[in-house]
Amino acid sequence: MRNEVEDFARDVLEKSRTIPILVDFWAPWCGPCRILGPVLERLAERAKGRWELVKVNTEEAPELAREFEVYSIPDVRLFVGGKPVDGFVGVLPESEIEKWLEKAIPISRSARYEKAARFFAEGHCKEAAELLAQERAEGVRDPEASLLYARSTVCSDPKRALEALGSEVVAQDPPLAEAIQELGNALLSPVKPDGEIDSRLSRYFQGLEALRNGRVEDAMELWIGLLEEERGFLGGKLVRICRALFQVLGWHHPLTDRYSRRFSAAVHV
């Protein structure tokens, strides 16, 4: 005969010390439970091992229901480190449960992500993007990793970077996401037009091309030189693009450190 209490201690309390466990307290006669159950099962499948689902039939395990003060079902509890840390009662829309899970469950990031973050901090955007692309190919959709992926790829592949900016990604850091969008849209603009154009406009397009080819310093040199001559160049658009570039690189990046003061002096004369 099964011992529900012992099973719970093993499958939930002990196991939650290594992986978050979501417990669904339910009963066969409960209509809302039959609605919520399949939703939780779909979410568990999509989680790909980030957390696990355990279902507890309160009719078969009344002792557990009493111990955890389950008075109304469905009652969902999240266990981490051997104890309940969060939960909800009743049926919620799938999208709301998904958002709740994203906030409630600690993210354990892979060694590959950590390595990509180090690469990016050191200025190796291409290497960071390649590692993060592998994560995405395997179905990992951590919003913070997606934001770093967008930062890493916005110059080399702006279309793909912008596609990575879903609502949950943008919510991680709205100003940074806005900077990525500003820079990405500029890089997706048409290449240098045919025919004769003003020398300053030509230098602007040269900067875009330099950035597309990974020559960030060349782009900064061209653009800040333009702003030193005409701070309102393109009606302020170039100022916004430069600010976006600094923000995407990060304020501790060597090129940001080298050019931000010169930029500030040019636009605040």
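Right, let's walk through the structure included here. (Residues numbered from 1 in each chain as written. Predicted model: local features only at pLDDT ≥ 70, side-chain atom pairs only at ≥ 80, totals over all residues. Heavy atoms only, no water.)

## A closer look at the overall build of the protein
Within the protein, the secondary structure is distributed over 14 helices and 4 strands. By the compact-globule yardstick of 18 Å for 269 residues, the protein is too spread out, its C-alpha radius of gyration being 26 Å. Principal-axis analysis of the C-alpha atoms gives the protein an extent of 85 × 35 × 30 Å. With 269 residues in all, the protein has 43% of them scored as buried. In the form shown here, the protein has an accessible surface area of approximately 14700 Å², with 50% of it arising from carbon and sulfur atoms. (Helix = DSSP H or I, 4+ residues; strand = E, 2+ residues; numbered from the N terminus. Rg over C-alpha atoms; globule rule 2.2 N^0.38 Å. Buried < 20%, exposed > 50% of the residue type's maximum accessible area, 1.4 Å probe, protein only. Areas by Shrake-Rupley, 256 points an atom, 1.4 Å probe, with all protein chains shown as cover.)

## Let's talk about the nonpolar core
Formed by 51 residues in total, the largest nonpolar core has its most connected members in L183, Y204, L211 and W223. When residues of this core are traced back to their parent elements, those giving at least two are α5 (111-121), α6 (125-137), α7 (143-153), α10 (174-187), α11 (199-212), α12 (216-229), α13 (237-249) and α14 (254-267). No other element matches the 9 residues that α13 contributes to this core. Those residues in contact with W223 that lie beyond four places of it in its chain are R203, Y204, G207, L208, L211, L238, I241, C242 and L245. Among the nonpolar cores identified, the runner-up in size contains 18 residues, and I21, A27, C33 and A61 belong to it. (Core = buried A, V, L, I, M, F, W, Y, C linked by side-chain atoms within 4.5 Å. Contact = heavy atoms within 4.5 Å.)

## Focus: the pattern of salt bridges
Throughout the structure, instances matching the rule amount to 23 salt bridges. R17 serves as the salt-bridge partner of E14, at 3.8 Å between the closest nitrogen and oxygen. With a relative accessible area of 54%, R17 lands in the exposed category. A salt bridge links K159 to E163; the shortest N-O distance between them is 2.7 Å. Of the two residues, K159 and E163 both sit in helix α8 (residues 158-163), 4 residues apart, roughly one turn of that helix. Classification of E163 as exposed rests on a relative accessible area of 54%. (Salt bridge = Lys/Arg side-chain N within 4 Å of Asp/Glu carboxyl O.)

## Some thoughts on the sheet that holds strand β2 (residues 52-57)
In space, the 4 strands of this open sheet follow the order β2-β1-β3-β4, with mixed pairing throughout. Taken across any chain shown, the strands that pair with only one partner, and hence form the sheet edges, are β2 and β4 (83-89). Strand after strand, the sheet turns through a mean of 25 degrees between neighbouring axes, direction not considered. As defined by bridge partners, strand β3 (residues 75-80) adjoins β4 across 6 bridges and the pair is classed as antiparallel. Paired with V76 across the two strands is F88, which belongs to β4. (Pairing = 2+ DSSP bridges. Axes fitted to C-alpha atoms, helices over the stretch in contact; angles between N-to-C directions.)

## Quick look at the state of the cysteines
Taken as a whole and assessed by the stated rule, the structure comprises 1 disulfide. The residue that forms a disulfide with C30 is C33, at a sulfur-sulfur distance of 2.4 Å. Between C30 and C33, the S-S torsion sits near 80 degrees, and that sign places the bridge as right-handed. (Disulfide = S-S within 2.5 Å.)

## Some details on unusual backbone geometry
Here the residue pair I73 and P74 is connected by a cis peptide bond, since its omega of 0 degrees sits within 30 degrees of zero. One non-glycine residue, E69, adopts positive backbone phi at about 55 degrees. With respect to the helices and strands, the residue E69 is situated in the loop between α3 (62-67) and β3. A positive phi angle is found at L234, which is not glycine, with a value near 60 degrees. Residue position: L234 is located in the loop between α12 and α13.

## A look at the packing of α10 against α11
For the pair α10 and α11, interaxial distance at closest approach is 10 Å and the crossing angle is 110 degrees. Viewed along their axes, α10 and α11 adopt a mutual orientation that is roughly perpendicular. Contact residues: L183, A186 and L187 in α10; Y204, L208, L211 and R212 in α11. Broken down by class, the residue content of the contact of α10 with α11 amounts to 6 nonpolar, no polar and 1 charged. (Parallel < 35°, antiparallel > 145°, perpendicular 65-115°, else oblique. Nonpolar A, V, L, I, M, F, W, Y, C, P; charged D, E, K, R; others polar.)

## Some words on the environment of K237
Within the element layout of this structure, K237 appears in helix α13. A relative accessible area of 29% means that K237 is categorised as partly exposed. Between the C-alpha atoms of K237 and E182, which are 55 residues apart in sequence, the distance is 9.5 Å.

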